[in-house]
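Listed below, chain by chain, are the residues.
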Amino acid sequence: MRNWTRRGLLPAAALLALALPVSSGLVPSSTAHAAPRVTTPEQFFGFTLGSEGRLARWADMVRYYKLVADRSERVLYQEIGKTATGKPFPVLTVSSPANLAKLDRIKQINRRLADPRGLTEAQARKLAAEGRPVYLLEAAIHSTEVGTAQVIPNILHRLVDEKSTTVTEILDNIVLLIIPAQSPDGTEWVGDYFHQTAGTTYARTYPDLYQKYIGHDDNRDWFMFTQPETKLSVALQNDWKPQVVQNLHQMGSGGARIFIPPYLSPNDPNIDPITVQQTNSLGMEMSRSLTAEGKKGVTWGSTYDYWTPSRQYMTYHGAPRILVEAASARDLAYTYTSSNGGPIGPQQPDTNFIEPYDQSSWSLAQIVDYLDTTVFAGLSNVAKYRAEWLFNFYRTQRNAVNPGAGKPYGYIVPADQRDPFATYELLTVLRTGEVEIEQATAPFTANGKRYDAGSWIIRYAQPYGRFAKTLLEVQHYPDLREYPGGPPQSPYDVTAQTLPMLLGVRVDTVAQPFSASTTQIRTVRPASPPFPAQPGARGAYLVGPESYGTAMFIAALQKAGVRTLRASAEFSSGGRAHAPGTLIVEPTAEARAALREVSRKTGVPVHAVGQAPRVAAERLKDGTRIGLYRGINNIPGGWMKWLFEQYGIGFTEVVADDFTGDLNAKYDTIVLPAGISRNDLVAGLNRDRYPAEWSWAYGVGEAGWAELRRFVEDGGTLLAIGDSVATARQLANLPITPALPSDEHEFYSPGSILSQRFDTSDPVAWGMRPDTPVWFGENDQAYTVSAGDVVSSFPESGEQLQSGWLIGGEHLNGKANVVKHRVGAGLIVTFGSEPTFRTWSRDPSKLLFNAIYHGPSTSVQPSAVPAALLGG
Ligand SMILES: [Zn+2]
């Protein structure tokens, strides 16, 4: 949606605010200027942004942006789409009127430089001289980092109002795009909650997820592109091809005052060296400005690395990521003071910490001020060296299309895949990142191997080949230590993103050139296997368990009230072998409609047989009642909620109140996401600190804890994920013991992909390959097991690491991961590592969905299958 607001069409409230300044004492003199001055933030909001204990609210900030766009020739206000809750997602475009009049030409130049195939160096120089670098400034992806949103009105006003050479040079030489909040929903919630709690004894910080599903992980979504806000920013970047992206953040209160690149090691080797150096030089420029202005406590080369694409899209698309992290104040907007009265933070100077901070307090005003300095330092530099920035962008992209020796020729995704839905999703991720994908129109041979027509080819030599490579290859994270022989130097986040492993897609790397006749794919579409004819009344539809899209079939069948069985053993029917876990579905019109719809979405084939197979089976419970435990600010549960909704899974969020009644009366299966301790469940949020709107997160007490145990004993199914396994272990005295050393010298897996062996005959592992790798994060655990059914475990010997970084893999040898425990009449399944981690891990998500429906299902003898399908 394009919604340009220039001249007129202003909400009445904004016009009123313009006419009646809240604080008239701060109106600047207009006599010195011919043009009318644009309302200042002080006038509009009634206080100076950054004032002690004051926060401008999101709705007011949006009104201000519309007002400025209406009053200034230098600003365009645009709503480029909707957030996860359906609210507007605004973007501001700031430049000189002359530049704003030729944005299409500026964009066209950027696009030509981004794809320099066929462009000579001389032509590129001419374009660089004519063009204008695009500088994308993103604020408030993390809504409690409030200074990042509060500073934007000040920056905007200075750009539209100031007559200085600095500002003129910026406007003449740059197109500035501002995302004033990358999570507008959260910015609204956090600001409004801060206002609601003013004058109370309640905590002032909004306690829950500040993006509808994934809270802080909205900044871990830059390669899977799951959330609407991510997609909007990526579409914006694809449209404009920015030369710089600056991200405003806040960090903890007690360390350095601000972090600016260069980053801590390591860099992802797939980031072009020019991009890395541009990052370093612009970061240093910002640090220099801060120091020159007497702003102390600046650090670089600490904490934040340049590794994972989950935090950075632009770096594989030619633009540096300038991450700026200012220290936080207290309770969002109040001055933080050191506990001992001395200066805040480390006091030992170093080459990456030239000047320690020498004050004992730190305010929101300072956050706003520091951030403002970095933005103007960045803008000024890029404006001053406009043509150099554009020409270096061209050089970066020239490297991409002429990668030279030592790089792969490309990747082949064979047409014949086990999971067509996974293949579709993998190719969609790459296309969203503007990777060029070709599809073979005839069989061909590469690297001595024959490939069918329909196979996909991704050549490395292309503008965004680096983005494809970082997602398709195995990560080799360096063995970094804090000092020789010391503990591992923690990566800022995780170390692996190998999509073929996470999704379960076969992708071959090819070193040498080959020829194939191909056609370019513009939009990736799901496969379209033929849909079978209606089976007779004694027949059945069959769907294999191999795709993780099988969960969508089950969800749709459950919703349609269709009788569904799953084969417990392999069987042959209709001339083909069907694996354990195959869905056996009643041959009705409702079933047909549901199956056809999901097959169309996933590309997963459906088969039909004239005679229902006679094989041992499980009948899924009709309308299985699924509960997803909701923890306050629980990100893993938020990711799951998003996944459940995407797949159409019918579920209810389990809240504290449920534990006062009979859990079995409401739920068949309860999922406990990672990050829920016994204390989170039992004690929960302190009701003295959080008002009744959060009562769903108040503790369930010891009675609720006992009720959860009784739920399982009376036949309920409980799934415990990741570190929540410890909670389930306490709940039911499970016969499992953590097996990994806690000393990081001995064992360390900071978000890596590891080897695994599955018992694919177990209903929880139906559809898995016997050696599907799994995600294993810092809080995950492996177990020794004295009773229960081990569904998956780590290999007895050999290399445990598949991608990323692992220390002490031998401690995993033979240890259990997924285990099934009978408890009373019920079932607990423990997942030592997260099968749906951030929903990046999709192939293993089958484990979770299998277990959800397996617990409440009933077994059916082979001879009884036809009758069970008929409702007997
Ligand atoms: Zn942040």
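Residues numbered from 1 in each chain as written. Predicted model: local features only at pLDDT ≥ 70, side-chain atom pairs only at ≥ 80, totals over all residues. Heavy atoms only, no water.

- The name an unreviewed UniProt entry assigns to the chain is Peptidase M14 domain-containing protein, from the organism Micromonospora globbae.
- UniProt, in the comment section headed Cofactor (unreviewed entry), describes the chain in these words: "Zn(2+)". (UniProt positions renumbered as here; feature names shortened; annotations may be inferred.)

### What about the coordination of the zinc ion?
A metal bound by six donors in octahedral fashion has ideal angles of 90 or 180 degrees, whereas one bound by four tetrahedral donors has an ideal angle of 109.5 degrees.
Then, number 1: Taken together, the protein donors to the zinc ion comprise His142 (ND1), Glu145 (OE), Glu145 (OE) and His249 (ND1), at separations of 2.1 to 2.4 Å.
Then, number 2: A relative accessible area of 1% places His249 in the buried class. (Donors = N, O, S within 2.8 Å, 3.2 Å for Na, K, Ca; no water. Buried < 20%, exposed > 50% of the residue type's maximum accessible area, 1.4 Å probe, protein only.)

### Focus on the packing of aromatic side chains
Then, number 1: According to the stated counting rule, one finds 40 aromatic pairs in the structure shown.
Then, number 2: Consider the rings of Phe259 and Tyr263, whose centres lie 5.9 Å apart with planes at 45°: the pair is tilted.
Then, number 3: Of the residues examined, Phe259 reaches a relative accessible area of 0% and is grouped as buried.
Then, number 4: An aromatic cluster is present here, built from Trp189, Tyr193, Tyr206, Trp694 and Trp696 joined pairwise through their rings.
Then, number 5: Here Arg204 stacks its cationic end above the ring of Phe194, 4.0 Å away from the centre of that ring. (Phe/Tyr/Trp six-rings, centres within 6.5 Å; stacked < 30°, edge-to-face > 60°. Lys NZ or Arg CZ within 6 Å of the ring centre and 35° of its normal.)

### A word on helix H19 (residues 635–647)
Then, number 1: In this model H19 runs 18 Å from its N-terminal to its C-terminal C-alpha over 13 residues, within 8% of the 18 Å that 1.5 Å per residue would give.
Then, number 2: Of all the 13 residues making up H19, ten are buried; the element is thus mostly covered by neighbouring parts of the structure.
Then, number 3: For H19, the complete set of buried residues consists of Ile635, Gly637, Gly638, Trp639, Met640, Lys641, Trp642, Leu643, Phe644 and Tyr647.
Then, number 4: Its side-chain oxygen 2.8 Å from the backbone nitrogen of Gly637, Asn634 forms the N-cap of H19.
Then, number 5: Gly648 lies just past H19 and shows a positive phi near 75°. (Helix = DSSP H or I, 4+ residues; strand = E, 2+ residues; numbered from the N terminus. Expected span 1.5 Å × (residues − 1). Polar contact = N/O pair within 3.5 Å; in protein donor to acceptor, adjacent residues only side chain to side chain.)

### Considering the UniProt feature "domain: Peptidase M14" (unreviewed entry) in the chain
Then, number 1: In this structure's numbering, the residues bearing the UniProt feature "domain: Peptidase M14" (unreviewed entry) are residues 54–371.
Then, number 2: Taken end to end, residues 54–371 is 37% helix and 17% strand, and its first and last C-alpha atoms sit 17 Å apart.

### What to know about the packing of H19 against helix H24 (residues 845–854)
If you want to describe how two helices pack, look at the angle between their axes and the distance between the axes.
Then, number 1: Between H19 and H24, the least distance of the axes is 13 Å, while the angle of their chain directions is 75°. The angle between the axes of H19 and H24 places the two elements in the roughly perpendicular class. Each of Met640, Leu643, Phe644 and Tyr647 in H19 lies in contact with H24, whose residues at this interface are Leu848, Phe849 and Ile852.
Then, number 2: A per-class count over the contact of H19 with H24 returns seven nonpolar, no polar and no charged. (Axes fitted to C-alpha atoms, helices over the stretch in contact; angles between N-to-C directions. Parallel < 35°, antiparallel > 145°, perpendicular 65-115°, else oblique. Contact = heavy atoms within 4.5 Å. Nonpolar A, V, L, I, M, F, W, Y, C, P; charged D, E, K, R; others polar.)

### Quick word on the side chain of Ser755
Then, number 1: Relative to the elements of secondary structure, Ser755 occurs in the loop between strand E32 (752–754) and strand E33 (757–758).
Then, number 2: A polar contact is formed between the side chain of Ser755 and the backbone oxygen of Glu799, at a distance of 3.0 Å.
Then, number 3: With residues near it in sequence (within four places) discarded, Ser755 still touches Phe794, Pro795, Glu799, Gln800 and Gln802.

### Brief notes about the environment of Ser72
Then, number 1: Looking at where Ser72 falls in the secondary structure, it is placed in the loop between helix H3 (58–71) and strand E1 (75–82).
Then, number 2: Residue classification places Ser72 among the buried residues on the basis of a relative accessible area of 4%.
Then, number 3: Sequence separation between Ser72 and His157 is 85 residues, and the spatial gap between their C-alpha atoms is 9.7 Å.
Then, number 4: Among the polar contacts made by the side chain of Ser72, one reaches the main-chain amide nitrogen of Arg74 at a distance of 2.9 Å.

### Quick notes on the domain arrangement of the chain
Then, number 1: The assigned domain composition of the chain is domain 1 (43–401), domain 2 (410–521), domain 3 (540–620 + 863–870) and domain 4 (626–856).
Then, number 2: Inter-centroid distance (C-alpha atoms) of domain 2 to domain 4 is 30 Å.
Then, number 3: Buried surface at the junction of domain 2 and domain 4, both sides included, amounts to about 2100 Å², of which 56% is carbon and sulfur.
Then, number 4: The three residues of domain 2 that bury the most area against domain 4 are Arg418, Met501 and Leu502, which together make up 29% of that side's buried surface.
Then, number 5: At the boundary of domain 2 and domain 4, one finds two salt bridges.
Then, number 6: Among the ionic pairs, Glu425 bridges to Arg842, the shortest N-O distance being 3.0 Å.
Then, number 7: The interface formed by domain 2 and domain 4 holds 16 residue pairs in polar contact (both at pLDDT 80 or more) in total.
Then, number 8: Those elements that place two or more of their residues in the side of domain 2 that touches domain 4 are helix H14 (420–432) and helix H16 (499–503).
Then, number 9: It is H16 that provides the largest number of residues to the side of domain 2 that touches domain 4, a total of three residues. (Domains from an automatic or database assignment. Buried area = accessible area lost by both parts, 1.4 Å probe. Salt bridge = Lys/Arg side-chain N within 4 Å of Asp/Glu carboxyl O.)

### Some thoughts on the confidence of the model for the chain
Then, number 1: Residue-level pLDDT values for the chain average 95, and 96% of them are 70 or greater.
Then, number 2: Counting contacts from residues 1–34, a segment whose pLDDT is below 50, to residues more than four positions away or on other chains yields 52 contacts. (pLDDT = per-residue confidence, 0-100.)

### A word on the pairing of strand E29 (residues 669–672)
Then, number 1: Across the two faces of E29 the burial is the same, with Thr669 and Val671 and Ile670 and Leu672 all buried.
Then, number 2: When strand E27 (residues 626–629) meets E29, the two strands line up parallel, connected through three bridges. By the bridge assignment for E29, Ile626 is matched with Thr669.
Then, number 3: As judged from the four bridges shared by E29 and strand E30 (residues 717–721), these two strands associate in the parallel manner. Each residue of the ladder has a partner; that of Val671, found in E30, is Leu719. (Pairing = 2+ DSSP bridges.)

### What about the pattern of salt bridges?
Then, number 1: Under the definition given, this model contains 50 salt bridges.
Then, number 2: For Glu121, the salt bridge identified is with Arg398, shortest N-O distance 2.9 Å. In this pair, Glu121 sits in helix H6 (residues 121–130) while Arg398 sits in helix H13 (residues 386–401), placing the two residues 277 residues apart along the sequence.
Then, number 3: A residue is classified by how much of its surface remains accessible, and Arg398, at 26% relative accessible area, is partly exposed.
Then, number 4: For Arg220, the salt bridge identified is with Asp493, shortest N-O distance 3.5 Å. Highlighted residues: Arg220 in the loop between helix H9 (184–196) and helix H10 (228–240) and Asp493 in the loop between helix H15 (465–472) and H16, separated in sequence by 273 residues.

### A look at the pairing of strand E28 (residues 651–654)
Then, number 1: With four bridges joining them, E27 and E28 adopt parallel strand pairing. Opposite Leu628, over in E28, you have Glu653 as the bridge partner.
Then, number 2: What joins E27 to E28 is H19, and the crossover it makes is right-handed. (Right-handed = clockwise from strand over helix to strand, strands pointing away.)

### Describing the environment of Tyr336
Then, number 1: Considering the arrangement of structural elements, one finds Tyr336 in strand E11 (residues 336–337).
Then, number 2: Taking the relative accessible area as the measure of exposure, Tyr336 reaches 23% and is therefore partly exposed.
Then, number 3: As a C-alpha pair, Tyr336 and Ser253 span 83 residues in sequence and 7.3 Å in three-dimensional space.
Then, number 4: When neighbours within four sequence positions are excluded, Tyr336 is seen to be in contact with Ser253, Gly254, Ser328, Ala329, Arg330, Ile344, Ser360, Ser361 and Trp362.

### A closer look at the sheet that holds strand E13 (residues 410–413)
Then, number 1: Pairing in this open sheet of five strands is antiparallel, and the strands run E18-E13-E17-E14-E19 from one edge to the other. On the outer flanks of this sheet lie strand E18 (508–510) and strand E19 (518–521), each paired with one strand and no other. Sheet twist, expressed as the mean angle between neighbouring strand axes with direction ignored, is 30°.
Then, number 2: The strands that H14 touches are E13, strand E14 (437–440), strand E17 (456–459) and E19; relative to E17, the one it contacts most, it runs at about 30°.

### Section: the sheet that holds strand E24 (residues 583–585)
Then, number 1: Taken in spatial order, the six strands of this open sheet run E25-E20-E24-E21-E26-E40, and their pairing is antiparallel. Each edge of the open sheet is held by one strand with a lone partner, namely strand E25 (607–609) and strand E40 (858–860). Going from strand to strand, the sheet's axes swing by 30° on average, the running direction of each strand aside.
Then, number 2: With three bridges connecting them, strand E21 (residues 564–567) and E24 associate as antiparallel partners. Each residue of the ladder has a partner; that of Thr564, found in E24, is Val585.

### A short note on helix H12 (residues 364–384)
Then, number 1: Taking 1.5 Å per residue, 21 residues should reach 30 Å; H12 reaches 30 Å between its end C-alpha atoms and fits that length.
Then, number 2: With 17 of its 21 residues buried, H12 lies for the most part within the structure.

### Some details on unusual backbone geometry
Then, number 1: Here the bond from Pro261 into Pro262 is cis, since omega is 10°, no more than 30 degrees from zero.
Then, number 2: For Pro262, the location among the structural elements is in the loop between strand E6 (258–259) and strand E7 (264–267).
Then, number 3: Here Ser265 and Pro266 are connected by a cis peptide whose omega angle stands at 0°.
Then, number 4: Relative to the helices and strands, Pro266 resides in strand E7.
Then, number 5: One non-glycine residue, Asn447, lies in positive phi territory at about 55°.
Then, number 6: Even without being glycine, Arg838 reaches a positive phi, approximately 50°.

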